[in-house]
There are 2 protein chains.
Amino acid sequence: MDQSPPRSTSVTVADVARRAGVSKATAARVLGGYGTVSERVREAVTAAARALDYRPNELARSMTTGRSGTIGVVVGDIENPFFSLAVRGITDVARQADFTVILINSGEDVVAERAAIRTLLAKRVDGLIVSPAKENDVEHLHEAVRSGVPLALLDRGSDTLDVDTVIADDRYAAENITRRLIALGHRHIAYLTACDTPDHRFHTAKDIGTGSVRRRIEGFLSVCREAGLTGMEDWVRVGAFTPEHTHRIVTEMLQSARRPTAIIASDSIIGLEVFKIHRQLGLSIPDDLSLVSFHDADWTSVTTPPVTVVRQPVYDLGATAAKLLVERLNGEGQTARVVVLKTEIVERASTRERY
Amino acid sequence: MDQSPPRSTSVTVADVARRAGVSKATAARVLGGYGTVSERVREAVTAAARALDYRPNELARSMTTGRSGTIGVVVGDIENPFFSLAVRGITDVARQADFTVILINSGEDVVAERAAIRTLLAKRVDGLIVSPAKENDVEHLHEAVRSGVPLALLDRGSDTLDVDTVIADDRYAAENITRRLIALGHRHIAYLTACDTPDHRFHTAKDIGTGSVRRRIEGFLSVCREAGLTGMEDWVRVGAFTPEHTHRIVTEMLQSARRPTAIIASDSIIGLEVFKIHRQLGLSIPDDLSLVSFHDADWTSVTTPPVTVVRQPVYDLGATAAKLLVERLNGEGQTARVVVLKTEIVERASTRERY
DNA sequence: TTCTATTGTGAGACCGGTCTCAAGAAGAAA
DNA sequence: TTTCTTCTTGAGACCGGTCTCACAATAGAA
């Protein structure tokens with residue numbers, strides 16, 4: 001079927017025009033689908049294009065139109081099921097709107113994120129969806145906005161950025177689950193996150209750069225205070241960004257004299273790690289330890305016991321961010337919109353009363 | 001800090017040249033980092049660029065150089081942990097080599113895959129990494145090769161495509177695990193895959209379009225034959241491409257009179273589903289049913305019992321494909337290379353002797 | 001001092017599309 | 001038949017870079 005010779009140099013509108021015996025402008029009109037052309041000419045050009053196996057060069061098109069048909073997506077780590085599901089939501093909506101997605105992992109590192117934004121702006125993406133690693137370090141995002149590229153924030157907002165934002169009701173979710181644990185009699189409740197601070201210790205929620213996590217910790221601490229529990233800041237542990245780190249932190253915590261009776265894991269990767277560790281230490285969930293994890297990863301329902309989770313609408317988080325962005329790219333959006341999606345607590349057997 | 005006015009129209013080399021008092025060509029030499037320029041001029045241009053906050057337009061650069069600095073990646077479904085991990089491997093290597101990644105999901109549908117390839121070629125990607133949905137339906141991939149875009153196949157090969165390919169030793173892995181199950185006394189072994197056939201029934205391995213799965217099934221059947229087991233084709237079940245489908249197939253299978261004593265799940269999503277179902281049906285793993293799953297998803301070690309898996313080097317699968325592609329893009333590759341990565345059976349408590 | 005090399009710089013073509021503008025052809029109105 | 005629209009079409013500028021080529025200036029060799 002490979003009739004045409006393997007031409008390394010591609011066929012252009014000029015080639016098609018020559019073959020069809022019309023001007024480049026006319027051929028372009030037919031191939032680009034703009035302007036008016038007579039039926040006779042349209043057919044001639046179409047035939048020539050087919051014969052030469054013409055393929056439009058989107059790059060060249062983008063040069064003049066100023067639209068590249070791509071949106072840049074920057075997430076922490078595509079390997080994390082949270083992000084892979086959110087990205088699925090983004091790509092589904094993007095494809096529907098005829099946009100293609102350039103994906104870059106930041107590794108939750110602001111330097112990498114900055115480089116990613118720079119790269120994407122250089123590639124002239126039409127819009128950006130970013131899950132900022134640090135919401136107080138977003139000068140590079142302001143830069144993007146300043147250069148006129150629409151931006152939507154995913155899962156994490158920023159007070160200084162007046163852009164479309166899609167987040168979950170993290171604070172509310174944390175308040176709820178904390179209240180529930182307290183009602184179950186827990187007093188020693190640890191909150192464990194991958195976020196880190198300069199000295200790897202938690203002092204105040206303000207130190208937490210990741211918006212969603214900061215809001216959760218605020219909720220956690222506020223409910224604790226409300227319930228008369230003091231010094232709960234000590235139970236917030238940061239820096240669980242690898243299984244090894246998590247292992248060290250959790251092991252140390254569970255083997256200390258004043259150990260937690262409940263752990264809230266800030267994502268499913270940490271939750272899984274905690275689950276592994278409790279077994280290694282010969283502890284029992286929920287007898288010795290109650291466990292709650294953010295993100296209802298698929299496996300959480302099959303462990304023994306199944307894990308209580310905060311269910312986040314992850315796919316919708318991504319899909320909605322993409323929808324807002326696409327609307328703005330189509331000139332529909334006016335002022336920045338903030339969408340807060342509802343979470344839901346799915347109580348399973350990993351949480352139990354503490355007497 | 002927003003000193004510069006919000007210029008919607010971006011700064012070009014010509015602007016920088018004008019400000020630096022040199023020609024466009026000279027400014028371009030400095031900014032593009034090619035040719036020779038005097039130190040004095042270099043500084044003047046650099047200063048002007050900084051003052052104007054010049055950002056190179058990669059699109060324009062790509063126009064002349066013919067290199068877009070992007071590689072197109074087409075996978076079945078980024079939500080599947082197998083692919084998200086492989087994509088992580090790809091993006092890591094790509095970034096190192098200064099390439100960005102355009103990601104498209106095919107949903108394991110050839111029509112979508114074809115459209116994806118077309119889109120990516122139009123966007124003038126420098127190379128392609130594809131996990132073809134059907135290895136016998138790859139005319140669109142030939143097209144890509146013909147148009148001179150290097151292609152690397154991920155996890156699934158194709159006999160008709162003479163391109164760089166990175167796969168796992170699927171057939172060998174299937175043979176091994178099948179042999180092991182037979183040694184444990186199993187005679188009724190089911191193989192369950194998301195791949196489908198026109199009539200949703202399995203007849204011969206040739207009907208299976210997905211290369212990796214076809215090789216596994218061939219290995220499975222060959223070892224069965226070797227062991228004197230006949231008619232094992234009946235135990236191969238196709239079409240488990242959603243949890244619902246899997247549920248229906250497995251439930252029916254496990255409730256029939258002649259039910260399997262062991263199930264091999266072709267991926268971790270199916271494996272998880274089987275695990276859920278066995279509980280719902282009140283069966284016991286491994287007493288009533290042995291379970292093996294391809295892909296050692298992180299959760300497989302924490303279930304009760306933990307699941308025996310075929311560990312695939314998924315990250316390396318992606319990373320190696322990207323490495324081969326990058327080498328070829330740098331003109332290093334000569335003939336097509338096929339890399340076969342080793343798998344490993346991790347035997348856990350979900351498989352047991354059958355008397 | 002004169003004649004090559006070598007280096008630095010500018011003018012302008014080019015990549016492959018889009019798009020403006022003007023002119024020619026055809027049809028409608030007078 | 002003449003004039004005014006409307007429809008088609010072509011010429012060529014343009015997007016923002018790269019890159020070739022020619023020329024000027026400087027340096028080194030004879």
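This structure is a prediction, so every number in the text was calculated from the model and none was measured. (Residues numbered from 1 in each chain as written. Chains lettered and ligands numbered in written order. Predicted model: local features only at pLDDT ≥ 70, side-chain atom pairs only at ≥ 80, totals over all residues. Heavy atoms only, no water.)

Peer 1: Could you give an account of the sheet that holds strand β5 (residues 164–168) of chain B, with specific residues and numbers?
Peer 2: Two modes of strand pairing occur in sheets, parallel and antiparallel, and in both the strands are linked by backbone hydrogen bonds. Taken together, the 12 strands give an open sheet; going across it, the order is β11(A)-β5(A)-β4(A)-β3(A)-β1(A)-β2(A)-β2(B)-β1(B)-β3(B)-β4(B)-β5(B)-β11(B), and neighbouring strands pair in mixed fashion. On the outer flanks of this sheet lie β11 (338–341) of chain A together with β11 (338–341) of chain B, each paired with one strand and no other. With direction set aside, neighbouring strand axes in the sheet form an average angle of 20°. Relative to strand β3 (residues 127–130) of chain A, strand β1 (residues 70–75) of chain A is paired through 4 bridges, and the arrangement is parallel. Within β3(A), the position partnered with A:Val73 by the bridge is A:Ile129. (Pairing = 2+ DSSP bridges. Helix = DSSP H or I, 4+ residues; strand = E, 2+ residues; numbered from the N terminus. Axes fitted to C-alpha atoms, helices over the stretch in contact; angles between N-to-C directions.)

Peer 1: Requested: an account of the domain arrangement of chain A, with residues and values cited.
Peer 2: Residue and element names in this part refer to chain A. Partitioning chain A into domains gives domain 1 (13–56), domain 2 (69–168 + 314–341) and domain 3 (170–312). Contacts between the two partners involve 13 residues from domain 2, matched on the other side by 11 residues from domain 3. Our enumeration of links across domain 2 and domain 3 arrives at 1 salt bridge. The partner of Glu135 in a salt bridge is Arg214, with the nearest N and O atoms 2.3 Å apart. Applying the counting criterion to the domain 2 and domain 3 interface returns 6 residue pairs in polar contact (both at pLDDT 80 or more). When residues of the side of domain 2 that touches domain 3 are traced back to their parent elements, those giving at least two are α5 (81–96) and β5 (164–168). A class-by-class count of the residues in the side of domain 2 that touches domain 3 yields 6 nonpolar, 3 polar and 4 charged. (Domains from an automatic or database assignment. Contact = heavy atoms within 4.5 Å. Salt bridge = Lys/Arg side-chain N within 4 Å of Asp/Glu carboxyl O. Polar contact = N/O pair within 3.5 Å; in protein donor to acceptor, adjacent residues only side chain to side chain. Nonpolar A, V, L, I, M, F, W, Y, C, P; charged D, E, K, R; others polar.)

Peer 1: Please give an account of the interface of chain A and chain B that cites residues and values.
Peer 2: With 47 residues of chain A at the interface, the matching set in chain B holds 45 residues. Of the roughly 4600 Å² buried between chain A and chain B on both sides combined, carbon and sulfur atoms contribute 55%. At the junction of chain A and chain B, the tally comes to 4 salt bridges. With its nearest N and O atoms 2.3 Å apart, the salt bridge here joins B:Arg55 to A:Glu143. The tally of links from chain A across to chain B stands at 21 residue pairs in polar contact (both at pLDDT 80 or more). For the side of chain A that touches chain B, the elements supplying multiple residues, two or more each, are α4 (58–65), α5, β2 (100–105), α6 (110–122), α7 (139–146) and α11 (268–280) of chain A. Of the residues belonging to the side of chain A that touches chain B, the class tally is 18 nonpolar, 14 polar and 15 charged. The sheet contact formed by β2(A) and strand β2 (residues 100–105) of chain B spans 3 bridges and is antiparallel. Paired with A:Leu103 across the strands is B:Val101, a residue of β2(B). (Buried area = accessible area lost by both parts, 1.4 Å probe.)

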